[in-house]
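# Structural characterization, general
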Amino acid sequence: MKRSKTTAWMAMALLVAGALACGGGGKYGAAKSLINKQITIMERYADGMEKASSAADVAKALNAYAAEQQELIPAMKKFQEQFPEITGQAEPPAELKPEMDKMQQVMGRVMSASMKAAQYMSDPVVQEAQKKLGEAMSGMK
């Protein structure tokens with residue numbers, strides 16, 4: 001159950017970043033910066049989870065990811081408020097395709113690396129870190 005929540009929160013982060021990217025022209029230039037920041041955050045999380053060899057390592061990676069996501073959320077929300085019309089678009093503009101392709105690639109790593117947490121889910125430190133991640137991600141609502 002907890003693994004499903006984490007997966008859902010990470011998918012939500014991807015969708016939000018994707019929604020930020022769905023626009024066109026120079027008007028949405030800020031989207032590139034936000035997408036690249038999100039990619040960097042996701043890569044650091046995947047790296048941390050891939051290297052984790054204990055519950056403490058998993059919790060450390062989850063806590064770092066939660067903190068970085070929480071820092072990025074205000075910028076994501078501001079962009080969504082400025083450009084509400086972009087959320088319904090199915091495809092990003094051509095100039096953002098490389099970023100979105102990289103985002104999808106990194107998301108695969110994130111999902112795979114997150115499975116590592118499953119073996120430590122009964123550990124209270126990991127449960128607490130999962131809770132913090134959920135709280136951070138709920139800031140996008």
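Residues numbered from 1 in each chain as written. Predicted model: local features only at pLDDT ≥ 70, side-chain atom pairs only at ≥ 80, totals over all residues. Heavy atoms only, no water.

Here we come to the overall build of the chain. In terms of regular secondary structure, the chain is built from five helices and zero strands. Starting at the N terminus and ending at the C terminus, the chain contains elements arranged as α-α-α-α-α. Here the chain holds 141 residues, and 43% of them are scored as buried. Relative to all contacts within the chain whose residues are 6 or more apart in sequence, the contacts with residues 24 or more apart total 87%. On the chain, roughly 7,200 Å² of surface is accessible, and the fraction owed to carbon and sulfur atoms is 55%. (Helix = DSSP H or I, 4+ residues; strand = E, 2+ residues; numbered from the N terminus. Buried < 20%, exposed > 50% of the residue type's maximum accessible area, 1.4 Å probe, protein only. Contact = heavy atoms within 4.5 Å. Areas by Shrake-Rupley, 256 points an atom, 1.4 Å probe, with all protein chains shown as cover.)

Let us now look at the nonpolar core. Formed by 35 residues in total, the largest nonpolar core has its most connected members in M42, Y45, M49, V58, L62, V110 and V126. Counting residues per element, this core draws most heavily on helix α3 (residues 55-82), which supplies ten residues. (Core = buried A, V, L, I, M, F, W, Y, C linked by side-chain atoms within 4.5 Å.)

Two measures define how a pair of helices packs: the angle their axes make with one another and the distance between the axes. Put simply, α3 and helix α5 (residues 124-137) touch, their axes get as near as 8 Å, and they point 10 degrees apart. Classified by the angle between their axes, α3 and α5 sit roughly parallel to one another. Residue-level contacts link A55, A56, V58, A59, L62, N63, Y65, A66, Q69, Q70 and I73 of α3 to V125, V126, A129, Q130, K132, L133, A136 and M137 of α5. Of the residues belonging to the contact of α3 with α5, the class tally is 14 nonpolar, four polar and one charged. (Axes fitted to C-alpha atoms, helices over the stretch in contact; angles between N-to-C directions. Parallel < 35°, antiparallel > 145°, perpendicular 65-115°, else oblique. Nonpolar A, V, L, I, M, F, W, Y, C, P; charged D, E, K, R; others polar.)

Here the focus is the environment of E128. Of note, E128 is situated in helix α5. Distance in space between the C-alpha atoms of E128 and L62 is 9.5 Å, their sequence separation being 66 residues.

Relative to the 26 Å expected for 18 residues at 1.5 Å per residue, helix α4 (residues 97-114) spans 25 Å between its end C-alpha atoms, a close match to the ideal helical length. Of all the positions in α4, only E99, M100, M103, V106, M107, V110, A113 and S114 are classed as buried. Down the axis of α4, the buried set is contained in an arc of 135 degrees. They therefore lie on one face. Structural note: α4 exposes P98, Q104, Q105 and S112 on the side pointing more than 90 degrees away from its buried face. (Expected span 1.5 Å × (residues − 1). Arc of directions from axis to C-beta.)

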